[in-house]
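Listed below are the residues making up each chain.
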Amino acid sequence: MKFFVDTAEVSEIEELAATGLLDGVTTNPSLIAKSGRPMLEVVREICGLVDGPVSAEVTATDAEAMLAEGRRLADLAPNVCVKLPLTWDGLKACRQLTRENIQVNVTLCFSAVQALLAAKAGATFISPFVGRLDDIGQDGMQLIADICEVYAQYPMLETEVLVASVRHPVHLLHAAKLGADVATLPPQVLKKLVEHPLTDKGLAGFLADWKKTGQSIL
Ligand code: E4P
């Protein structure tokens with residue numbers, strides 16, 4: 001399973017990229033706004049920090065303008081993945097950008113039939129938002145199960161399921177059990193994955209016992 005980080009904060013990406021476990025980055029207009037920086041500059045910088053796909057979202061709503069924005073973003077670096085909303089215009093732009101060998105992440109997916117459309121349009125990634133469905137009392141993880149099941153019926157579809165709007169490590173666990181290809185995690189959720197109180201307690205015990213021996217490995 002690939003791990004992306006969902007942020008436009010360069011310092012956080014640098015810290016996580018240093019682990020060697022980061023496979024990509026996703027941003028959206030809200031995250032860019034939160035960073036307070038010019039979008040093109042920030043996306044170019046992030047693309048230099050990770051080898052994998054860096055999703056950068058268009059803000060136009062009609063297909064022609066989406067294409068122009070998408071091409072502009074794709075020109076920034078070879079690992080830019082153009083993010084398009086799940087609308088008819090977004091799907092039209094997806095089909096065309098894919099033909100131009102530009103990676104596309106179709107975002108704001110809330111149903112399995114939407115995910116099927118995105119796959120037919122040639123999307124590289126489909127981003128179902130689990131947390132936002134949970135927030136309105138629906139079962140976000142059931143959507144991941146449905147999409148994985150539908151895609152499995154058609155092995156010729158190459159679109160990867162990118163679980164988005166992840167709120168906690170249990171979302172990631174369930175997504176991994178379902179075989180989702182990718183999850184994009186906010187930095188604080190990604191950092192939590194390594195934490196367990198018994199790991200900390202066990203390590204403290206080992207180190208205390210080791211100190212008593214007076215030995216050194218080097
Ligand atoms: C994904 O690409 C989106 O940027 C993100 O996961 C949305 O998450 P949110 O619902 O926490 O805003």
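Residues numbered from 1 in each chain as written. Predicted model: local features only at pLDDT ≥ 70, side-chain atom pairs only at ≥ 80, totals over all residues. Heavy atoms only, no water.

Colleague: Can you lay out the site of the ligand for me, pointing to particular residues and giving the numbers?
Modeller: Every residue near the ligand is listed here: Asp6, Thr26, Asn28, Lys83, Phe129, Arg132, Ala164, Ser165 and Arg167. A distance of 2.7 Å is found between an oxygen atom of the ligand and a side-chain nitrogen or oxygen belonging to Asn28. For the ligand, an oxygen atom lies 2.7 Å from a polar atom in the side chain of Arg167. Protein contacts shield 85% of the accessible area of the ligand, which totals 340 Å² for the unbound molecule. A majority-of-atoms criterion places the ligand in the largest pocket. Partitioned by chemical class, the residues of the shell around the ligand number two nonpolar, three polar and four charged. (Near = heavy atom within 4 Å. Polar contact = N/O pair within 3.5 Å; in protein donor to acceptor, adjacent residues only side chain to side chain. Areas by Shrake-Rupley, 256 points an atom, 1.4 Å probe, with all protein chains shown as cover. 1 Å grid on protein atoms, 1.4 Å probe; cavity = no way out; pocket = protein on both sides within 12 Å on 5 of 7 lines; lining within 4 Å. Sits in = over half its atoms within 2 Å of the grid points. Nonpolar A, V, L, I, M, F, W, Y, C, P; charged D, E, K, R; others polar.)

Colleague: Got a sec to walk through the packing of aromatic side chains? Specific residues and values, please.
Modeller: Two measures describe an aromatic ring pair: the distance that separates the ring centres and the angle between the ring planes. Across all of its chains, the model carries two aromatic pairs by this definition. Here the aromatic rings of Phe4 and Phe125 are separated by 5.7 Å at their centres, their planes lie at 80°, and the arrangement is edge-to-face. Taken together, the residues span a long stretch of sequence, with Phe4 in strand 1 (residues 2-6) and Phe125 in strand 6 (residues 125-128) at a distance of 121 residues. Residue Phe4 is classed as buried on the basis of its relative accessible area of 1%. For Phe125, a relative accessible area of 3% puts it in the buried group. (Phe/Tyr/Trp six-rings, centres within 6.5 Å; stacked < 30°, edge-to-face > 60°. Helix = DSSP H or I, 4+ residues; strand = E, 2+ residues; numbered from the N terminus. Buried < 20%, exposed > 50% of the residue type's maximum accessible area, 1.4 Å probe, protein only.)

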